[in-house]
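Topology and contacts: notes
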Amino acid sequence: PVTYTSFSVFESATSGLTTENFDVAPWRPVGGKAQGLSNLGVSWTAANQLYASNISHSGSGSVSSNDGVGPGADIFDWVEAVLPANVTAVGAWITSHNMAHLTELLAYDALNNLLGSVSLGNTGHAFAFLGLTTDTAIARVRFPSTNVTNPIGADLTVDDFSFGPGGVSIPVRAPSWL
């Protein structure tokens, strides 16, 4: 796989992607959503409550894992997307809300094998881009809060999720004897 932390480089290396910006129904109004909510062929789940948020990189919406209330309700958060067939490129803007953990994207195939990952250190309150292309179909991606010893503050938000069969293949030079 090829990993990206620059949206402009990812954008120039891919084409034909669909972007979920979480700005319209079924993500509006802001609030809790049913686990497995599907839109644009992608099914979304979260560690706790799947939550449509108004904290966003662009536009008015994003998605996160909303912690519950009460003792023990703050958990290690993750957001996961199950993808349609033939997706070979994924990317999203993610923030860790200035928490002490990595911002990470993990990509898996249909047999649950890890195809690749890309991560950044604490992004502060800013959104950072993470992307990945591969020549193997990506069945699902997970955005976990990692490198955290205490789940309090293990929060993250995902926005502008791009996906599709957009990986650009690298040409292979033919042998000179052809």
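Now for a look at the structure at hand. Given the structure is predicted, the values throughout are model-derived calculations rather than measurements.

1. Side note on the overall build of the protein
Helices and strands together make up the secondary structure of the protein, namely one helix and 14 strands. Across the 178 residues in the protein, those meeting the buried criterion constitute 46%. Partitioning the intrachain contacts of the protein with sequence separation of at least 6 by distance along the chain shows that 69% fall at a separation of at least 24. By element, 56% of the accessible surface of the protein is carried by carbon and sulfur atoms, the whole surface being about 8,500 Å².

2. Section: the nonpolar core
Formed by 29 residues in total, the largest nonpolar core has its most connected members in W44, L83, V90, I138, V141, F143 and F161. Among residues more than four places away in sequence, those in contact with V90 are F10, L83, L105, L130, G131, L132, I138, V141, F161, S162 and F163. By size, the runner-up hydrophobic cluster in this structure holds seven residues, among which are A89, W93, F127 and F129.

3. Thoughts on the environment of V79
The topology assignment puts V79 in strand 8 (residues 78-82). Once residues lying within four places of it in the same chain are set aside, the contact partners of V79 are W44, T45, A46, V63, S64, S65, V141, R142, F143, L156 and V158.

4. A few points about the packing of aromatic side chains
Inspection of every chain in the model, using the stated rule, returns eleven aromatic pairs. Between F7 and F129, the ring centres sit 5.3 Å apart and the planes meet at 75 degrees, which makes this aromatic pair edge-to-face. One end of the pair, F7, is in helix 1 (residues 7-13); the other, F129, is in strand 12 (residues 128-133), and 122 residues separate them in sequence. The ring of Y108 has R140 sitting right over it, with the charged end atom 3.9 Å from the ring centre. Between R142 and the ring centre of W78, over which it is positioned, the NZ or CZ distance is 3.8 Å.

5. Some points on the pattern of salt bridges
Here the structure, examined in full by the defined rule, presents two salt bridges. Note that R140 and E80 form a salt bridge whose closest N and O atoms lie 2.6 Å from each other. Here E80 lies in strand 8 and R140 lies in strand 13 (residues 140-146), a separation of 60 residues in the sequence. By relative accessible area, R140 is classed as buried at 17%. The partner of R142 in a salt bridge is E80, and the shortest N-O contact between them spans 2.8 Å. Here the residue R142 occupies a position in strand 13, and E80 occupies one in strand 8, the gap between them amounting to 62 residues. One salt-bridge network, held together by shared partners, links E80, R140 and R142.

Procedures and definitions
- Residues numbered from 1 in each chain as written.
- Predicted model: local features only at pLDDT ≥ 70, side-chain atom pairs only at ≥ 80, totals over all residues.
- Heavy atoms only, no water.
- Helix = DSSP H or I, 4+ residues; strand = E, 2+ residues; numbered from the N terminus.
- Buried < 20%, exposed > 50% of the residue type's maximum accessible area, 1.4 Å probe, protein only.
- Contact = heavy atoms within 4.5 Å.
- Areas by Shrake-Rupley, 256 points an atom, 1.4 Å probe, with all protein chains shown as cover.
- Core = buried A, V, L, I, M, F, W, Y, C linked by side-chain atoms within 4.5 Å.
- Phe/Tyr/Trp six-rings, centres within 6.5 Å; stacked < 30°, edge-to-face > 60°.
- Lys NZ or Arg CZ within 6 Å of the ring centre and 35° of its normal.
- Salt bridge = Lys/Arg side-chain N within 4 Å of Asp/Glu carboxyl O.

Everything listed here is a matter of coordinates, which is why it stays silent on function.
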